[in-house]
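Overview (structure and organization)
Each chain is listed here by its residues.
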Amino acid sequence: MAMKNGIFVTLEGSEGAGKSTQVALLVDRLRAMGRAVLTLREPGGTELGEEIRRLIRRVDFTIAPCAEAELLLFLASRAQLVREKILPALHEGMLVICDRYFDSTLAYQGAARSLPLEQIGFINAFAISKCVPHITFLLDLDPAEGLRRVHLHHGKEADDRMERETITFFEKVRAGYLSLAEREPDRFVILDAHKSIKAIHGEIFNFLCHRLGGAIESR
Ligand code: Z5A
């Protein structure tokens, strides 16, 4: 199934950058305008994906999953999401907004876990079936501030396995994202996630209106 007339937007960034907050604000505003919007998150978004999400977040493994197994779990979740949800919605002309997608894999499993980017790219291409976002907003944030926000949000203890990673890990994630954005300036929009929630929302909304013109209005 091809992407046809829909619009595919992703939000990326490391821990606490504000992706979920911005997705919620954007979707409320677009729906109030009468736009048909589908929101999804990764890992997750399907029955299989939510089960994989639960596995990935588990903190009580006797032996933690190796980086390669973790990578394949993310990709299994993505392959299902693309075929079950994203492509059918795009085919119907919907605006699809996804909280994380394959750039997360390149930044976390590639840049931070040091798995080879070329191999990740190869299996990711198999998983996504040419379904590449039209626009990717990168919420760029100092990892220390991101972790501070997450700990405020969830309480003192990190509540999943990845949140327990070190600050150095999240610095690699940030650098990985910035280098991806540098390589694809036409797809990425880098936003300063240190700004207020309202200011960032305004930038995302204005960019979408400008870039998509009439396509942002109701269909
Ligand atoms: N992962 C991976 O490794 N490989 C992959 O391929 C994929 C994912 C797809 C998913 O975790 C984990 O999987 C993630 C990457 C990895 N792990 N890490 N680490 P998740 O879905 O559970 O969590 P997340 O995506 O990292 O979301 P998050 O931690 O909840 O961050 P967020 O969505 O960007 O932030 P938020 O929930 O919108 O905001 C966090 C708090 O900050 C909250 O209290 C907000 O009110 C506050 N906030 C938000 N924006 C602001 C601003 N601008 N100023 C001040 N405070 C703010």
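Everything discussed here concerns the structure shown above.
Please read these numbers as outputs of a predicted model, since none were measured by experiment. (Residues numbered from 1 in each chain as written. Predicted model: local features only at pLDDT ≥ 70, side-chain atom pairs only at ≥ 80, totals over all residues. Heavy atoms only, no water.)

Here the focus is the overall build of the protein chain. The helix and strand tally for the protein chain stands at eight helices and five strands. Taking the principal axes of the C-alpha coordinates as reference, the protein chain spans close to 50 × 40 × 30 Å. Contacts spanning at least 24 positions in sequence make up 82% of the contacts within the protein chain whose residues lie at least 6 apart. Looking at the protein chain as shown, the accessible area adds up to about 10,800 Å², and 56% of this sits on carbon and sulfur atoms. (Helix = DSSP H or I, 4+ residues; strand = E, 2+ residues; numbered from the N terminus. Contact = heavy atoms within 4.5 Å. Areas by Shrake-Rupley, 256 points an atom, 1.4 Å probe, with all protein chains shown as cover.)

Looking at the ligand, there are 28 residues lining it, with Glu15, Lys19, Ser20, Thr21 and Arg57 nearest. The contact in question runs from an oxygen atom of the ligand to an N or O atom on the backbone of glycine 18, over 2.9 Å. When isolated, the ligand has an accessible area of 1,100 Å², and the protein chains bury 86% of it. Most atoms of the ligand, that is more than half of them, are within 2 Å of grid points of the largest pocket. Going through the elements one at a time, helix H1 (19–32), helix H2 (47–57), helix H3 (67–91), helix H4 (102–112), helix H6 (143–154) and helix H8 (197–212) are the ones with two or more residues in the shell around the ligand. For the shell around the ligand, the leading source of residues is H4, giving four residues. Looking at side-chain class alone, the shell around the ligand contains nine nonpolar, nine polar and ten charged residues. (Near = heavy atom within 4 Å. Polar contact = N/O pair within 3.5 Å; in protein donor to acceptor, adjacent residues only side chain to side chain. 1 Å grid on protein atoms, 1.4 Å probe; cavity = no way out; pocket = protein on both sides within 12 Å on 5 of 7 lines; lining within 4 Å. Sits in = over half its atoms within 2 Å of the grid points. Nonpolar A, V, L, I, M, F, W, Y, C, P; charged D, E, K, R; others polar.)

The next thing to look at is the layout of surface pockets. Approximately 920 Å³ is the volume attributed to the largest pocket. Lining the largest pocket are 35 residues, with Glu15, Gly16, Lys19, Ser20 and Arg100 positioned closest to its centre. Listed by contribution, the elements that provide at least two residues to the lining of the largest pocket are H1, H2, H3, H4, H6 and H8. With five residues, H6 is the single largest residue contributor to the lining of the largest pocket. (Points joined across faces, edges and corners; volume = space filled by probe spheres on them.)

So, about unusual backbone geometry. A negative phi angle characterises most non-glycine residues, just as the trans form characterises most peptide bonds. Each neighbour pair has its own omega, and for glutamate 42 with proline 43 the value is -15 degrees, a cis peptide bond. Position of proline 43 relative to the elements: it lies in the loop between strand S2 (37–41) and H2. At serine 114, a residue that is not glycine, the phi angle is positive and equals roughly 65 degrees. Mapped onto the elements of the fold, serine 114 is located in the loop between H4 and helix H5 (117–128). For serine 114, a relative accessible area of 54% gives the class exposed. Backbone geometry places serine 129, a non-glycine residue, at a positive phi of 50 degrees. Locating serine 129 in the fold gives a position in the loop between H5 and strand S4 (135–140). Classification of serine 129 by relative accessible area gives partly exposed; the value is 35%. (Buried < 20%, exposed > 50% of the residue type's maximum accessible area, 1.4 Å probe, protein only.)

Nothing here speaks to function; it is all geometry.
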